[in-house]
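Results of the structural survey
For reference, the chains in residue letters:
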Amino acid sequence: MHRKPQVSIVVPVYNSASTLRRAITSALRQSLDEIEILIVDDCSLDTSLALARELATDDDRIRILALPENRGKAHAMNVAIGEASGVWVAVLDADDWYEPNRLEVLIAAVNSQCVTLAADNQYFHDAGANRIVRTAFPVLQGTQPLTRQVFVAGSDPYAEFNYGMLKPIVRTDFLRRSALSYRENARLSEDFLYLVEFYAAGGDGVLINQPLYHWTQSFGAISRQWTTTGAGAWRYDFKSALEAHANVLRELHRQRNRDLATLLTVRARAFRRLHHLSTLSRMRASGSSLPKILSVAARHPAIWPLLARRVFGTA
């Protein structure tokens, strides 16, 4: 009889054949071996699903969930969480990977602090340059509480890293009891909204200062190249994120969660500006004339300071 796994590692996959083996290998090599790995293929167009099935033949801790149509990471996560049998649910994006002792360290932290979530520092990787760029935040000793107040204070949407980018483990019975799920209409910012609703539901957490998660930048800070996995270049769907933000914001107002509602309001304002900047970047990449680009920029004065910082290299 198999023992109940301590951790269900959810790996959402879309067109990730080039990186999936590395991700799964890092999960299988965890010092904590009481795990299950749920690979959710979101109707990939490459050989991701075939590779996942190959990997599953070598280790019975791997389970494959093949989705019939592409509906995004949020849907894939919800499907897998519904199937999870572990005490904890962890996420591992298919182009990322774990340090060998990651889960052991996170489980020890949540058990010692009696909290429902643990997250850690991250190494930022530029895939095009094949090197570590930096850590998400300075490497310090020990742990710190990841309270609702700390999360709100650390979620600046303009920062190179904010706490909405964390890759936590969350207690499964908390997810089921609070009916917490990912917002499926979001194709961007789904991890952030998930954490917002985690705190709205009364969750608490701890943050490990040691970097144990390797995160691949979508657009390399050094190489200035998009990664080839997932949705490819120009993957930032700010419109879907804004729609999902509005849905969550209505719930927060209904619950009178004022601090989280304020956070979402500020973030939505930033996303509208970033959507306009993304539009200008796409126009430039597609060869639009400078007068046409400037005419579009002129209609959105709120982005002028951001645009100036990018043009003059101050941000």
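These remarks concern the structure in this document. Because the structure is predicted, anything quoted here is derived from the model rather than measured. Sequence order as written defines residue numbering, which begins from 1 separately in each chain. Restriction of local features to residues with pLDDT of at least 70 applies here, the model being predicted, together with a cutoff of 80 or more for giving and counting side-chain atom pairs; totals for whole chains, interfaces and linings are based on all residues. Side-chain calculation: all heavy atoms of the structure are included, whereas hydrogens and water are not.

Across the 10 residues that make up strand β6 (residues 117-126), a large majority, nine, are buried. The sheet contact formed by β6 and strand β9 (residues 169-171) spans two bridges and is antiparallel. Counted as the bridge partner of Ala118 is Ile169 from β9. Bridge analysis of β6 against strand β10 (residues 205-216) gives nine bridges, and the strand direction is parallel. Bridge pairing in β10 links Ala119 to Leu207. In this structure, β6 lies alongside strand β7 (residues 131-135), joined through four bridges in antiparallel fashion. Residue pairing for β7: Tyr123 is matched across the bridge by Thr135. A pair of strands is labelled paired if DSSP reports no fewer than 2 bridges between them. The numbering of helices and of strands both runs from the N terminus, where a helix is a DSSP run of H or I of at least 4 residues and a strand a run of E of at least 2. Count of turn residues in the β6/β7 antiparallel hairpin: four residues, of which Asn130 carries a positive phi of about 55 degrees. We call a residue buried when its accessible area falls under 20% of the maximum for its residue type, exposed when it is over 50%, and partly exposed in between, using a 1.4 Å probe and counting protein chains only.

Regarding helix α2 (residues 48-56), the residues found buried are Ser48, Leu49, Leu51, Ala52 and Leu55. In a view along the axis of α2, the buried residues occupy a sector of 160 degrees, so they form one face of it. We call two residues in contact whenever any of their non-hydrogen atoms come within 4.5 Å of each other. Where α2 is buried, its residues contact β1 (7-13), α1 (20-28), β2 (35-41) and β3 (62-66). Arc definition: directions from the helix axis to the C-beta atoms.

Aromatic contacts are taken between Phe, Tyr and Trp rings whose centres are within 6.5 Å, Trp giving its six-membered ring; a plane angle under 30 degrees counts as stacked, one over 60 as edge-to-face, and the others as tilted. Evaluated as defined, the whole model comprises 10 aromatic pairs. With 5.1 Å between their ring centres and 25 degrees between their planes, Phe151 and Tyr199 make a pair best called stacked. Within this pair, whereas Phe151 is found in helix α5 (residues 148-153), its partner Tyr199 is found in helix α7 (residues 190-200), the two being separated by 48 residues in sequence. Neither Phe151 nor Tyr199 differs from the other in exposure class; each is buried.

Turning our eyes to something else, we now look at the nonpolar core. Judged by nonpolar contacts, the single largest core of 80 residues is most densely connected at Ile9 and Val11. The leading source of residues in this core is α7, at seven residues. In contact with Ile9, not counting residues within four places along its chain, are Ala27, Ile35, Glu36, Ile37, Leu38, Ala90, Leu92, Tyr98 and Leu103. Side-chain atoms within 4.5 Å are what join buried Ala, Val, Leu, Ile, Met, Phe, Trp, Tyr and Cys residues into a set we call a nonpolar core. Leu188, Phe238, Ala268 and Phe271 belong to the second-largest nonpolar core, a separate cluster that totals six residues.

The next thing to look at is empty space enclosed by the protein. Using a grid of 1 Å spacing that covers the protein atoms alone, one calls a set of points a cavity when a 1.4 Å probe fits there but cannot get out, and a pocket when the set is open and has protein on both sides within 12 Å along at least five of seven lines; lining residues are those with an atom within 4 Å of a point. Grid points are joined across faces, edges and corners, and a volume is the space filled by probe spheres set on the points. For the structure on display, the rule yields one cavity of 30 Å³ or more. Volume-wise, the largest cavity comes out at about 40 Å³. Taken together, Met77, Ile81, Val89, Ala90, Val91, Pro168, Val170, Tyr182 and Tyr194 make up the lining of the largest cavity. Listed by contribution, the elements that provide at least two residues to the lining of the largest cavity are α3 (73-83) and β4 (88-91). With three residues, β4 is the largest single contributor of residues to the lining of the largest cavity. The residue classification treats Ala, Val, Leu, Ile, Met, Phe, Trp, Tyr, Cys and Pro as nonpolar and Asp, Glu, Lys and Arg as charged. All others, Gly included, are polar. The residue inventory of the lining of the largest cavity, partitioned by class, reads nine nonpolar, no polar and no charged.

Another aspect to go through is the packing of α1 against α2. Working note: a packed helix pair is described by the angle between its axes plus the distance between those axes. Axis definition: a line fit to C-alpha positions, over the contact stretch in the case of helices; interaxial angles, taken between N-to-C directions, run 0 to 180 degrees. Following both chains from N to C, one finds α1 and α2 inclined at 30 degrees, their axes separated by 10 Å at the closest point. Here α2 runs roughly parallel to α1, going by the angle between their axes. Crossing hand, α1 versus α2: right-handed. Between α1, through Leu20, Arg21 and Ile24, and α2, the contact on the second element is made entirely by Ser48, Leu51, Ala52, Glu54 and Leu55. A per-class count over the contact of α1 with α2 returns five nonpolar, one polar and two charged. Throughout this description, any angle smaller than 35 degrees is read as roughly parallel, any larger than 145 degrees as roughly antiparallel, any in the 65 to 115 degree range as roughly perpendicular, and the remainder as oblique. Should the near helix be turned counterclockwise from the far one by less than a right angle, the crossing is left-handed, whereas a clockwise turn marks it as right-handed.

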